[in-house]
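Here's the letter readout for the chains.
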Amino acid sequence: MSFTIDFTASSKTKADTAIVLVSDTKKLSPSAALVDQVLGGLIKHHLSTHPTFKAKTGDVLTLALPAKAPYLRVLLLGVGDVKKLNADESEGAGGKLIHALNAHGVQRGVLINADDTVCENLSTAEIVAGLISGMRLGSYEFNHYKTAPKEKSPKLKTLSIITKDQKRIAAQVKLIEQEVKAICLTRDLVNEPPNKLYPETFAKKIKSVLAPLGVEVDILSPDQLVKQGFNLVMAVGHASEHLPRVVVMRWKGGKKTKTMTKPVALVGKGITFDSGGLNVKPYEGMMDMKMDMAGAAAVVGAMHVLAARKSKAQVVGIVALAENAISDEATRPQDIITSYSGKTVEILNTDAEGRLVLADVLSYIQKKHDPKAVVDLATLTGAIMIALGLDYAGVFTNSDELWQKLSAASAVSGEKIWRMPVDQNFRREMDSVFADIKNVGNGRFGGSSTAAAFLEEFIDKKRPWAHIDIAGTAMVRGSKPINPVPFARGYGVRLLNALIRDHYE
Ligand code: BES
Ligand code: ZN
Ligand code: ZN
């Protein structure tokens, strides 16, 4: 983690930069007014004379101070209409704050007036947690593969927060930091290049990060997959020199029990690179396909935060890891494969591989663990981006109750979802002349729903299940304050964490 954070009741804390929250009324809170007094009214003066600083959420105005002042500078951070401030905005402001602090070479910052920044929707602890979450996510870097020595631009070292409510704020900050850490883990996994992160290395990484937290991790080897009948997983992955793995992660709610009773199952698509297979993708289509394991990465991130915060829920995660490659052994269009469930699948497009690997692990997890709900995340279809754009994930579910839970989790986590149709007509489109089901519909229309209909074929009757298509939301295009590395977003970790926390604990 980048900078350290401490909490203090003393307004005498040493720092080079005072950070002051300012609402768009530009009226200073009592503790900010005290600082202003010490500075001889300098803050008020600038607030009333500055031509452009409106103190909208995330706006920054930096004032250099004279030699004898207690700080080198004061940084004013706009929080807009503070009464209406929400967690997302607070986080966004944090993202802008960290970039401004680093741009000014701030080493030690002190947040002056968290306690008396009063908001209707958020407690002080929530405002501070939002800011810190934005600062941490905004500090995310991915430089493992740069050999040139990094420019030694100074970065923020410590942030002090003046508050009388140290305990409560520290607890809230701890929770958000556990979540941020998991999001950064998910980002790291997705950002890794596909020649470094492939099924074997991905599986090892999962074990190395989750086992120390008390998650039981089992890796199914290619031999075991063949023996146990994961034929769809093998059909997708066996053309690659990097053979598939399936990884099962068990979090037993922090208890020392042997078995789990009706856990929640989280399932992830983990195609470490999707070339399309023999139905090879064109140049543009293949460009970002190292991200085709973002569903699996989100499940791993979710397991990480659940274990880190010692969730009381029993949760089993499973990811299907394979590389969709081309060789003389590659699966052909028109091949018929018997799935783990026993149903036969006619593969008519090798690029519709995500649903294939998911089918096997969905069957497996239901058979082995009898989960009370199954939620899968997958970068499944380009069509979901046509339907919903890049900010909403599409949810397909057979359960109104599970939808309600996901919808509530989305509202508190800020990760947007939209319900999409599940309908027998989509399933009928998947009827095959030669096998029980084929893996594509008859054309491009409703491509995300036909994919979901395929998955539902492998869901037990009456089992609450939701499929979340994250093809649009898994990555960001272009650098953003809380997503400075323009690729992986880490989408899904927060949604799943909120779902488990608020509905299964
Ligand atoms: N991994 C892709 C879906 C995807 C596309 C994810 C773009 C992220 C960005 C998936 O395996 C795929 O290729 N789907 C096909 C399905 C089609 C062949 C029925 C698609 O969406 O075109
Ligand atoms: Zn594909
Ligand atoms: Zn894919």
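Just so you know, these numbers come straight off a predicted model, no measurement behind them.

Section: the packing of aromatic side chains
- All chains considered together, the criterion is met by six aromatic pairs.
- Between Y340 and Y364 the ring centres are 5.7 Å apart and the planes differ by 75°, which places this aromatic pair in the edge-to-face class. In this pair, Y340 is assigned in the loop between strand 11 (335–338) and strand 12 (344–347) and Y364 in helix 11 (residues 354–369), connecting sequence segments 24 residues apart.
- Taking relative accessible area as the criterion, Y340 reaches 14% and is therefore assigned buried.
- For Y364, a relative accessible area of 10% corresponds to the buried category.

Some points on the coordination of the zinc ion (ligand 2)
- Surrounding the zinc ion (ligand 2) are the protein donor atoms D274 (OD), D351 (O), D351 (OD) and E353 (OE), which sit 2.0 to 2.2 Å from the metal.
- Coordination geometry of the zinc ion (ligand 2): the six donor atoms subtend angles of 71 to 168° at the metal centre, consistent with an arrangement described as irregular.
- For the zinc ion (ligand 2), the single-chain donor residues occur in sequence as D-x76-D-x1-E.
- Between the zinc ion (ligand 2) and the zinc ion (ligand 3) the interatomic distance amounts to 3.2 Å, and D274 serves as a bridging ligand to the pair. Here the residue D274 occupies a position in strand 9 (residues 264–274), and E353 occupies one in the loop between strand 12 and helix 11, the gap between them amounting to 79 residues.

Observations regarding the coordination of the zinc ion (ligand 3)
- Summarising the metal site, the zinc ion (ligand 3) is bound by the protein donors K269 (NZ), D274 (OD), D292 (OD) and E353 (OE), whose distances to it range over 1.9 to 2.5 Å.
- Around the zinc ion (ligand 3) sit six donor atoms, and with donor-metal-donor angles ranging over 77 to 173° the site reads as octahedral.
- One chain supplies every donor for the zinc ion (ligand 3), spaced along it as K-x4-D-x17-D-x60-E.
- You can call E353 buried: its relative accessible area is 1%.

Here's the deal with the sheet that holds strand 16 (residues 437–438)
- Strand order in the open sheet formed by three strands is 11-12-16, with mixed pairing between adjacent strands. Of all strands in the sheet, those bounded by a partner on one side alone are strand 11 and strand 16.
- Relative to strand 16, strand 12 runs parallel, the two being bridged by two bridges. Counted as the bridge partner of E346 is K438 from strand 16.

Focus on the pairing of strand 10 (residues 314–324)
- Among the 11 residues that make up strand 10, 11 are buried, leaving the element largely enclosed by the rest of the structure.
- The alternating pattern of strand 10 places Q314, V316, I318, A320, A322 and N324 and V315, G317, V319, L321 and E323 on opposite faces, both of which are buried.
- Where strand 8 (residues 245–252) and strand 10 come together, eight bridges link them in antiparallel fashion. Bridging across to strand 10, R245 finds its partner in L321.
- Summarising the sheet, strand 9 and strand 10 pair through 10 bridges and their orientation is parallel. What sits directly across from L266, in strand 10, is G317.

Examining empty space enclosed by the protein
- As enumerated under the stated definition, the model contains three cavities of 30 Å³ or more in all.
- In this structure, the largest cavity spans a volume of roughly 90 Å³.
- Forming the walls of the largest cavity are 13 residues, and the residues nearest its centre are A235, V236, N324, T331 and T350.
- Split by residue class, the lining of the largest cavity holds eight nonpolar, five polar and no charged.
- Going through the elements one at a time, helix 4 (124–138) and strand 6 (158–162) are the ones with two or more residues in the lining of the second largest cavity.
- Of the residues in the lining of the second largest cavity, the class split is nine nonpolar, no polar and no charged.

A few points about the nonpolar core
- Residues F202, I206, L210, M249, L266, M303 and I468 are the most contacted members of the largest nonpolar core, which totals 56 residues.
- At 10 residues, the largest contribution of residues to this core is made by helix 10 (residues 294–308).
- If we skip the residues at most four places from it in the chain, L266 touches V299, A302, M303, V315, V316, G317, I318, V375 and L496.
- Core analysis: the second largest hydrophobic core is formed by 41 residues, V233, A235, V236 and V345 among them.

Calculation criteria
- Residues numbered from 1 in each chain as written.
- Chains lettered and ligands numbered in written order.
- Predicted model: local features only at pLDDT ≥ 70, side-chain atom pairs only at ≥ 80, totals over all residues.
- Heavy atoms only, no water.
- Phe/Tyr/Trp six-rings, centres within 6.5 Å; stacked < 30°, edge-to-face > 60°.
- Helix = DSSP H or I, 4+ residues; strand = E, 2+ residues; numbered from the N terminus.
- Buried < 20%, exposed > 50% of the residue type's maximum accessible area, 1.4 Å probe, protein only.
- Donors = N, O, S within 2.8 Å, 3.2 Å for Na, K, Ca; no water.
- Tetrahedral: all angles 85-135°; square planar, octahedral: opposite > 155°, others 65-115°.
- Pairing = 2+ DSSP bridges.
- 1 Å grid on protein atoms, 1.4 Å probe; cavity = no way out; pocket = protein on both sides within 12 Å on 5 of 7 lines; lining within 4 Å.
- Points joined across faces, edges and corners; volume = space filled by probe spheres on them.
- Nonpolar A, V, L, I, M, F, W, Y, C, P; charged D, E, K, R; others polar.
- Core = buried A, V, L, I, M, F, W, Y, C linked by side-chain atoms within 4.5 Å.
- Contact = heavy atoms within 4.5 Å.

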